[in-house]
Amino acid sequence: MSVEQDVPVETDQDRISKGRERLEEEADRAVDQFDQGIVDLLSWVLDTETRARIYVYLRQQPYSTSEEIAEGTGLYPSTVRESLAELHEEEKVERRKRESEGAGNNPYEYTAIAPSDLVGGIVGQIQDELNTVFNLDDHLEPEDRSETGETSEPVSIRVEDEEDGSGSDDESGLGDASGSDDET
């Protein structure tokens with residue numbers, strides 16, 4: 001007695017299709033990890049992950065409404081509206097009324113400022129904090145330093161925008177941030 005079994009035979013086309021699916025999954029995972037790294041960095045600059053996610057979304061989708069941002073980021077609409085109000089007050093996002101034909105509600109649409117402007121806004125604060133750390137002894141023992149009159153600002157941070165004709169493919173707008181630790 002003989003029993004025949006139908007064994008599916010994997011064709012080259014099936015193997016190529018499965019390989020393509022695996023590549024797409026890996027590419028999606030790499031993009032998600034990259035995006036999370038950007039969000040983590042911006043969370044430090046913008047104070048919260050929520051504000052960072054909104055900023056990244058607006059860099060990718062400028063002129064979006066709060067409703068579109070909530071849908072695109074998966075955040076609660078009320079959280080998005082509150083964060084947008086704060087970001088607008090801090091001048092980290094710009095807003096304008098959306099033009100529409102006919103009568104009705106014209107919601108605000110938002111755009112994030114350029115990354116170089118975002119970084120430029122915090123450079124002075126970071127520079128002051130770093131100089132305070134470098135000059136900690138001056139703050140702890142001021143009488144020893146007052147005789148020599150020593151004061152130093154060993155950290156200087158400068159942010160510059162790259163020129164358009166630089167040949168760089170980087171459209172992030174981040175310029176060169178350089179630090180100097182010359183002690184005087």
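Relevant structure appears above.
Let me begin by describing the structure that accompanies this report. (Residues numbered from 1 in each chain as written. Predicted model: local features only at pLDDT ≥ 70, side-chain atom pairs only at ≥ 80, totals over all residues. Heavy atoms only, no water.)

1. Let's talk about the packing of helix H3 (residues 66-73) against helix H4 (residues 77-89)
Reasoning step 1: At their nearest, the axes of H3 and H4 sit 9 Å apart, and the two run at 120° to each other. The angle between H3 and H4 places the two elements in the oblique class. In this structure, H3 meets H4 at a crossing whose hand is right-handed. For the pair H3 and H4, contact is made by Ser66, Ile69, Ala70 and Thr73 and by Pro77, Val80, Arg81 and Leu84, respectively. (Axes fitted to C-alpha atoms, helices over the stretch in contact; angles between N-to-C directions. Helix = DSSP H or I, 4+ residues; strand = E, 2+ residues; numbered from the N terminus. Parallel < 35°, antiparallel > 145°, perpendicular 65-115°, else oblique. Left-handed = near helix turned anticlockwise from the far one by under 90°. Contact = heavy atoms within 4.5 Å.)

2. Things to note about the pattern of salt bridges
Reasoning step 1: With the rule as written, the count across this model stands at six salt bridges.
Reasoning step 2: When the shortest N-O distance is used, the salt bridge between Glu86 and Arg51 registers 3.0 Å. Pair noted here: Glu86 is in helix H4 and Arg51 is in helix H2 (residues 49-60), with a separation of 35 residues, a long-range link.
Reasoning step 3: Assessed through its relative accessible area of 32%, Glu86 is described here as partly exposed.
Reasoning step 4: On the basis of relative accessible area, Arg51 is assigned to the buried category, the value being 4%.
Reasoning step 5: Ionic pairing is found between Arg51 and Glu90, a salt bridge with its closest N-O pair at 2.4 Å. (Salt bridge = Lys/Arg side-chain N within 4 Å of Asp/Glu carboxyl O. Buried < 20%, exposed > 50% of the residue type's maximum accessible area, 1.4 Å probe, protein only.)

3. Topic: the packing of H2 against H3
Reasoning step 1: Relative orientation of the contacting elements H2 and H3 amounts to 105°, with a least axis distance of 10 Å. In terms of their interaxial angle, H2 and H3 are classed as roughly perpendicular. Residues Arg53, Ile54, Tyr57 and Leu58 of H2 lie in contact with H3, whose contacting residues are Glu68, Ile69, Gly72 and Thr73.
Reasoning step 2: Residues that form the contact of H2 with H3 fall into these classes: four nonpolar, two polar and two charged. (Nonpolar A, V, L, I, M, F, W, Y, C, P; charged D, E, K, R; others polar.)

4. Details of unusual backbone geometry
Glycine aside, the phi torsion of most residues is negative, and most peptide linkages are trans.
Reasoning step 1: With a phi angle near 85°, Asp47 is a residue other than glycine that sits in the positive phi range.
Reasoning step 2: Structurally, Asp47 is set in the loop between helix H1 (12-46) and H2.
Reasoning step 3: Taking relative accessible area as the criterion, Asp47 reaches 58% and is therefore assigned exposed.
Reasoning step 4: In this model, Tyr63 sits at a positive phi of 60°, which is unusual for a non-glycine residue.
Reasoning step 5: We classify Tyr63 as partly exposed; its relative accessible area is 39%.

5. Some details on the nonpolar core
Reasoning step 1: Residues Leu46, Ile54, Leu58 and Ile69 are the most contacted members of the largest nonpolar core, which totals 22 residues.
Reasoning step 2: For this core, the secondary-structure elements that each account for two or more residues are H1, H2, H3, H4, strand S2 (108-112) and helix H5 (115-134).
Reasoning step 3: A total of six residues in this core trace back to one element, the largest contributor, which is H2.
Reasoning step 4: In contact with Ile69, not counting residues within four places along its chain, are Ile54, Tyr57, Leu58, Ser64, Gly74, Val80, Leu84 and Tyr110. (Core = buried A, V, L, I, M, F, W, Y, C linked by side-chain atoms within 4.5 Å.)

6. Structural notes on the packing of aromatic side chains
Reasoning step 1: Using the criterion set out here, one finds one aromatic pair in the structure.
Reasoning step 2: An angle of 55° between the planes, with centres 6.4 Å apart, marks the rings of Tyr108 and Tyr110 as tilted.
Reasoning step 3: Look at Tyr108 and you get partly exposed, because its relative accessible area is 32%.
Reasoning step 4: Over the ring of Tyr108 we find Arg95; its NZ or CZ atom is 4.1 Å from the centre of that ring.
Reasoning step 5: The positively charged end of Lys97 is found above the aromatic ring belonging to Tyr108, 4.6 Å away from the centroid. (Phe/Tyr/Trp six-rings, centres within 6.5 Å; stacked < 30°, edge-to-face > 60°. Lys NZ or Arg CZ within 6 Å of the ring centre and 35° of its normal.)

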